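Each chain is listed here by its residues.
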Amino acid sequence: MLALLILFSSLAWLQMFRTQEYEPRMLRNAHQIATVVNLTKAALQHSDAIARVALLKMLADEENVSILIREPTDQVTAFGQSDIENRLVKEMVKRLGPETVIASQVNQESGLWVGFKIERDSYWLQMDPARLQPLGGSAWLTWLAVTLALSLSGAAIMAKLINRPLKRLSLAASQVREGHFKASELNEDEATNEIREVNIGFNRMAERLAKIEQERALMLAGISHDLRTPLARLRLETELSVADPETRDLMAADIAQLDEIIDKFLDYARPEPTDLGPVLLCGVLSRCIAPWRNNPRLEISIDVAEDLQVQAESVELGRVLSNLLENARRYGQSPNDGITRVEIVARVHEGWVLLRVRDLGPGVSEEALKNLTQPFFRGDAARTSATGSGLGLAIVERSVQRMGGTFSVFNNSAGGLMALMKFRQAQSPA
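Anyway, here's the lowdown on the structure attached to this text. Source: prediction; values computed, not measured. (Residues numbered from 1 in each chain as written. Predicted model: local features only at pLDDT ≥ 70, side-chain atom pairs only at ≥ 80, totals over all residues. Heavy atoms only, no water.)

**Points about empty space enclosed by the protein**
Tallied over the full model, the rule gives four cavities of 30 Å³ or more. Lining the second largest cavity are Leu324, Asn327, Ala328, Val357, Arg358, Asp359, Leu393, Val409, Leu417, Met418 and Ala419. Residues belonging to the lining of the second largest cavity are distributed by class as follows: eight nonpolar, one polar and two charged. (1 Å grid on protein atoms, 1.4 Å probe; cavity = no way out; pocket = protein on both sides within 12 Å on 5 of 7 lines; lining within 4 Å. Points joined across faces, edges and corners; volume = space filled by probe spheres on them. Nonpolar A, V, L, I, M, F, W, Y, C, P; charged D, E, K, R; others polar.)

Pasting the structure below:
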């Protein structure tokens, strides 16, 4: 749009210049031509035969003006195809006399022909017609090319100057969206007032969001930490004070569940990891499934290459897989026999490791599927007796993103719920 604006403005300016310059230039040249014709007539009238020949030769060589005898049989094409040219013809006839003839061609030869008489003899004065023509086509094309090049260059520079701060703002907004508040600071010394005000406002917003995020994490960590002391006392008092074994076991289970929920809060509030490196996927999986090996209600099958490594953090990746297994154990029971069956498959594709964790349970509704990774959302919890904080999949998503991967969850077409993760493949050291 900037290029078109500059181009059309330049074309309008050139057209105005052409209109304002062409007509005065033609009228001025018409006066000069009439003067040349009058001087030529006077010189021919007052010179002898020998001097006349020398004069004609000088006019042809130095002034590009030819004097020819005008014959009655000459084929003449009148000059004047436009209104301005007709005005020129009238102006020249007015200055040279009513017997003057202006032609653009004589005997199929183009030029600016001026026919006049000296006594009884008739002559043609031939001149270059370019002086009565507007700027030529090639010249106009050159001007248009230069104008177009300047328009595009100017538009590119202007667009770059305009888009540069917007690009930085977009990048900073994406950093804030990912939680990198300190990396999103914008320059507050921009030359443009509007951009400077936007950058200042954005920086203050990022600082405020960082402070809110820090306070939220501290609050969750503080609450979770403070709850552990009374829970530990409750567990001890339960073991010592409750005589009925069944009641004691139920109370202990409730306390363990509260302790587990506290662990979820701590996981959700923990800071981002700083160190990523090669992690052997089989080793992490082996540690995660160890607590469930002897559980008859949970069957886990693994299809992962033994030497496959991903770019991740070992403890963080273990937390991700543990949350997925716990989620499958709670919600992925088979409707037929109540046993939870989980399939874990990893494949390599173009430098990425695609890790799939799928249960063979009933899945979830499409409406609940959209909110499964939202904190504190528990999809269709009424279908089982499971209880929890609703942070499991939210923790998984955040952890995978912190490790540079992607996470998605959806209902598998063959049944059950599938979690799909994507990590960078790590090469084994040579």
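**Describing the sheet that holds strand E1 (residues 66–69)**
Reading across from one edge, E1-E5-E4-E3-E2 is the order of the five strands in this open sheet, with antiparallel pairing throughout. If you trace the sheet from one side to the other, it starts and ends with E1 and strand E2 (76–78), each paired once. Across the sheet, the mean angle separating the axes of adjacent strands is 40 degrees when strand polarity is ignored. (Pairing = 2+ DSSP bridges. Helix = DSSP H or I, 4+ residues; strand = E, 2+ residues; numbered from the N terminus. Axes fitted to C-alpha atoms, helices over the stretch in contact; angles between N-to-C directions.)

**Points about the packing of helix H8 (residues 314–331) against helix H10 (residues 392–402)**
Axis separation between H8 and H10 bottoms out at 9 Å; the angle between their running directions is 150 degrees. Taken as axis vectors, H8 and H10 run roughly antiparallel relative to one another. Pair H8 / H10 crosses with left-handed handedness. For the pair formed by H8 and H10, the contact residues are Glu316, Arg319, Val320, Asn323, Leu324 and Asn327 on the first element and Gly392, Leu393, Ile395, Val396, Ser399, Val400 and Arg402 on the second. Of the residues that constitute the contact of H8 with H10, the class distribution is six nonpolar, four polar and three charged. (Parallel < 35°, antiparallel > 145°, perpendicular 65-115°, else oblique. Left-handed = near helix turned anticlockwise from the far one by under 90°. Contact = heavy atoms within 4.5 Å.)

**Focus on the packing of aromatic side chains**
Counted by the stated rule, this structure contains two aromatic pairs. Ring geometry for tryptophan 113 and tryptophan 124: centres 6.0 Å apart, planes at 85 degrees, overall edge-to-face. One end of the pair, tryptophan 113, is in strand E4 (residues 109–118); the other, tryptophan 124, is in strand E5 (residues 121–127), with 11 residues separating them in the sequence. As far as the burial class goes, tryptophan 113 and tryptophan 124 line up, both buried. Here the aromatic rings of phenylalanine 116 and tyrosine 123 are separated by 5.9 Å at their centres, their planes lie at 25 degrees, and the arrangement is stacked. When its relative accessible area of 11% is taken as the criterion, tyrosine 123 is described as buried. Sitting over the ring of tryptophan 124, arginine 70 keeps its end group 5.1 Å from the ring centre. Here the guanidinium or amino end of lysine 422 rests over the ring plane of tryptophan 352, the centre of that ring lying 4.9 Å away. (Phe/Tyr/Trp six-rings, centres within 6.5 Å; stacked < 30°, edge-to-face > 60°. Buried < 20%, exposed > 50% of the residue type's maximum accessible area, 1.4 Å probe, protein only. Lys NZ or Arg CZ within 6 Å of the ring centre and 35° of its normal.)

**Digging into the sheet that holds strand E10 (residues 352–359)**
The five strands are arranged E7-E9-E10-E12-E11 in an open sheet whose pairing can be described as mixed. Lying at the two open borders of the sheet, with one neighbouring strand each, are strand E7 (298–303) and strand E11 (406–411). Shown here is a sheet whose adjacent strand axes are inclined to one another by a mean of 15 degrees, direction ignored. Both E10 and strand E12 (residues 417–424) contribute to a ladder of seven bridges, which runs antiparallel. When the sheet's bridge partners are listed, tryptophan 352 is paired in E12 with arginine 424. The strands touched by helix H7 (residues 281–289) are E7, strand E9 (340–349) and E10; relative to E7, the strand with the most contacts, the crossing angle is about 175 degrees. On top of the sheet, H10 reaches E11 and E12; it is set at about 145 degrees to E11, its chief contact.

**Some points on the pattern of salt bridges**
Under the counting rule described, the total for this entry stands at 10 salt bridges. A salt bridge links aspartate 303 to arginine 347; its shortest N-O distance comes to 2.6 Å. Separated by 44 residues along the polypeptide, aspartate 303 in strand E7 and arginine 347 in strand E9 bring together distant segments of the chain. For arginine 347, a relative accessible area of 39% puts it in the partly exposed group. One salt-bridge network, held together by shared partners, links Glu188, Arg204 and Glu207. (Salt bridge = Lys/Arg side-chain N within 4 Å of Asp/Glu carboxyl O.)

**Considerations on a nonpolar patch on the surface**
A cluster of nonpolar side chains, namely Leu4, Phe8, Leu11, Leu141 and Leu144, defines an oily patch on the protein surface of about 460 Å² accessible area. Those elements that place two or more of their residues in the nonpolar patch are helix H1 (2–45) and helix H4 (137–177). Top contributing element to the nonpolar patch by residue count: H1, with three residues. As for its placement among the helices and strands, phenylalanine 8 is situated in helix H1. (Patch = residues over 30% accessible without salt bridge, like charges linked within 9 Å, V, L, I, M, F, W, Y side chains within 5 Å. Areas by Shrake-Rupley, 256 points an atom, 1.4 Å probe, with all protein chains shown as cover.)

**A word on the environment of glycine 338**
Considering the arrangement of structural elements, one finds glycine 338 in the loop between H8 and E9. Along the primary structure glycine 338 and leucine 298 are separated by 40 residues, whereas in three dimensions their C-alpha atoms are 9.4 Å apart. With near-sequence residues (within four places) excluded, glycine 338 lies in contact with Arg297 and Gln333.

Such coordinate-based values are descriptive only and should not be taken to indicate function.
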